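Remarks on the overall topology
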Amino acid sequence: MLKISNGRIPRAQKVVLYGSEGIGKSTLAAMFPNPLFIDTEGGTAHMDVRRIDKPGTWTELMDVLNEVAITPDVCGSLIID
């Protein structure tokens, strides 16, 4: 018997924005639902967004990612910029 379902299936969306500097990638990402930026290059300094300080090491970045994963209500979109 076929198991047919309909409607949305809630799960994380993965999006990659690629392009040269200054074309609006961060501005577009700021329009995602409840964004939180991990600003690795200081590119959001001119933007009114929530951000986490630049991680100093790979381990610190992974620690931030793990903390966000176990606290899903901290943001609706995690942007690594």
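Relevant structure appears above.
The notes below deal with the structure included here. (Residues numbered from 1 in each chain as written. Predicted model: local features only at pLDDT ≥ 70, side-chain atom pairs only at ≥ 80, totals over all residues. Heavy atoms only, no water.)

1. So, the side chain of D39
Within the secondary structure layout, D39 lies in the loop between β1 (35-38) and β2 (51-52). One buried charged residue, D39, remains without a salt bridge, the closest side chain of opposite sign being R51 at 4.3 Å. Here the side chain of D39 touches E41 through a polar contact of 3.4 Å, landing on its backbone nitrogen. One polar contact links D39 to T44, side chain to side chain, over a distance of 2.4 Å. In contact with D39, other than residues within four places in its own chain, are T44, A45, R51, I52, K54 and D81. (Helix = DSSP H or I, 4+ residues; strand = E, 2+ residues; numbered from the N terminus. Buried < 20%, exposed > 50% of the residue type's maximum accessible area, 1.4 Å probe, protein only. Lys, Arg positive; Asp, Glu negative; His and termini not counted. Salt bridge = Lys/Arg side-chain N within 4 Å of Asp/Glu carboxyl O. Polar contact = N/O pair within 3.5 Å; in protein donor to acceptor, adjacent residues only side chain to side chain. Contact = heavy atoms within 4.5 Å.)

2. Details of the nonpolar core
Counting residues in hydrophobic clusters, the biggest one holds six residues: L36, I38, L61, V64, V68 and C75. Of all the elements in the fold, those that place two or more residues in this core are β1 and α2 (58-70). Considering every element that reaches this core, the biggest residue donor is α2, with three residues. Once residues lying within four places of it in the same chain are set aside, the contact partners of V64 are I38 and I52. By size, the runner-up hydrophobic cluster in this structure holds five residues, among which are A29, F37, M47 and V49. (Core = buried A, V, L, I, M, F, W, Y, C linked by side-chain atoms within 4.5 Å.)

3. Considering unusual backbone geometry
Keep in mind that most residues, glycine aside, have a negative phi and that most peptide bonds are trans. One non-glycine residue, N34, lies in positive phi territory at about 40 degrees. Relative to the helices and strands, N34 resides in the loop between α1 (25-29) and β1. On the accessibility criterion, N34 (41% relative accessible area) is partly exposed.

4. Things to note about the side chain of T44
Mapping T44 onto the fold places it in the loop between β1 and β2. Residues contacting T44, with those up to four places away along its chain left out, are F37, D39, V49, R51 and D81.

5. Let's talk about the sheet that holds β1
One open sheet holds the three strands; their spatial order is β2-β1-β3, and the pairing between them is parallel. Pairing within the sheet leaves two strands with one partner each, and these edge strands are β2 and β3 (77-80). Both β1 and β2 contribute to a ladder of two bridges, which runs parallel. Within β2, the residue paired with I38 across the bridge is I52. (Pairing = 2+ DSSP bridges.)

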